[in-house]
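Structure at a glance
Listed below are the residues making up each chain.
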Amino acid sequence: MFTGIIETVGVIKNTSTQSGVKTLTIEAPEITDDLSLGDSVAINGVCLTVTEKQTSIFKVEVITGTINVTYLEHLKTNDKVNLERAMLANGRFGGHFVSGHVDGKGIIKHISKRKDEWIIEISTDAQLLSQMIDKGSITVDGISLTIFKLYQHKFEIHLIPETRERTIFVNKKQGDEVHIETDLLFKYVQKITHQNNSNLSQEKLLNLGF
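Residues numbered from 1 in each chain as written. Predicted model: local features only at pLDDT ≥ 70, side-chain atom pairs only at ≥ 80, totals over all residues. Heavy atoms only, no water.

Going by the annotation in an unreviewed UniProt entry, the name recorded for the protein chain is Riboflavin synthase, with Mammaliicoccus fleurettii given as the source organism. As recorded by UniProt, the Catalytic activity (unreviewed entry) comment attached to the protein chain reads in full: "2 6,7-dimethyl-8-(1-D-ribityl)lumazine + H(+) = 5-amino-6-(D-ribitylamino)uracil + riboflavin". Per UniProt, the protein chain carries the Pathway (unreviewed entry) text "Cofactor biosynthesis; riboflavin biosynthesis; riboflavin from 2-hydroxy-3-oxobutyl phosphate and 5-amino-6-(D-ribitylamino)uracil: step 2/2." (UniProt positions renumbered as here; feature names shortened; annotations may be inferred.)

Dropping the structure here:
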């Protein structure tokens, strides 16, 4: 489990693919000392497992199922990535509940740059948009953010200077892909509501003699 508060930005030092599995070698001296084999790390919002660790670098493997729903396949040497280690039970919870299981991808459609904020419009598919609400939580490339405005085919987020400078968003541009994870609690409520509605419909049918 993660919070969506990015700890540091790492650099891809090497990539390799074998039998459909992509291995990423990431340099991140700020967090590597406190990493162990088997630990979970969110890379641009995708929960992956540390498979190897050295002084200032660590490796993770991306399997086919993850490649199919993310853009990690396109990461290359010298690309930068948002990094967050799994949250500690005794730590501060500054963002929202983030599982690291990306729901899908979005496309940056427009960026309005102002001195104190960037307004970013992101398009995505209808299923993901149905799991969003105005002023609700959203995870974009692993960053816990607020949905400022929800449209029919896109949503809008605002980034303060601190968020831009501490994450890979400082280099994002129109047309770039982003990872999206909708609010975990919203999905649970949506599922429970759907089940309750289904059960209610079944009860009505039984009462009518069907």
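**Structural notes on the pairing of strand β5 (residues 57-62)**
Where strand β2 (residues 21-27) lies against β5, six bridges are found, and the strand directions are antiparallel. Across the sheet, E27 pairs through a bridge with I57, a residue of β5. Note that strand β4 (residues 46-53) and β5 share three bridges and pair antiparallel. Paired with K53 across the two strands is F58, which belongs to β5. Taking the residues that link successive antiparallel strands as the turn, the β4-β5 hairpin has three residues. (Pairing = 2+ DSSP bridges. Helix = DSSP H or I, 4+ residues; strand = E, 2+ residues; numbered from the N terminus.)

**Quick notes on the sheet that holds β4**
Here six strands make up a closed barrel; going around it, the order is β1-β2-β5-β4-β3-β6 and the pairing antiparallel. Across the sheet, the axes of successive neighbouring strands diverge by a mean angle of 45°, strand direction being ignored. (Axes fitted to C-alpha atoms, helices over the stretch in contact; angles between N-to-C directions.)

**A look at the side chain of H158**
Positionally, H158 belongs in strand β12 (residues 154-159). Residue class for H158 comes out buried when judged on its relative accessible area of 18%. Side-chain polar atoms of H158 contact the side chain of E156, separated by 2.8 Å. Discounting chain neighbours no more than four positions away, the residues touching H158 are E117, W118, I119, L145 and F148. (Buried < 20%, exposed > 50% of the residue type's maximum accessible area, 1.4 Å probe, protein only. Polar contact = N/O pair within 3.5 Å; in protein donor to acceptor, adjacent residues only side chain to side chain. Contact = heavy atoms within 4.5 Å.)

**Focus: unusual backbone geometry**
The phi angle at N78 is positive, at roughly 80°, despite the residue not being glycine. Following the sequence through the fold, N78 ends up in the loop between α2 (64-69) and β6 (80-85). The class for N78 is exposed, based on a relative accessible area of 56%.

**Digging into the pattern of salt bridges**
Throughout the structure, instances matching the rule amount to 11 salt bridges. Residues E117 and R114 are paired through a salt bridge, measuring 3.3 Å at the closest nitrogen-oxygen approach. Residue E117 is classed as buried on the basis of its relative accessible area, which comes to 17%. Its relative accessible area of 48% is what places R114 among the partly exposed residues. Here D176 and K173 are joined by a salt bridge, their closest N and O atoms 3.3 Å apart. Assessed through its relative accessible area of 17%, D176 is described here as buried. (Salt bridge = Lys/Arg side-chain N within 4 Å of Asp/Glu carboxyl O.)

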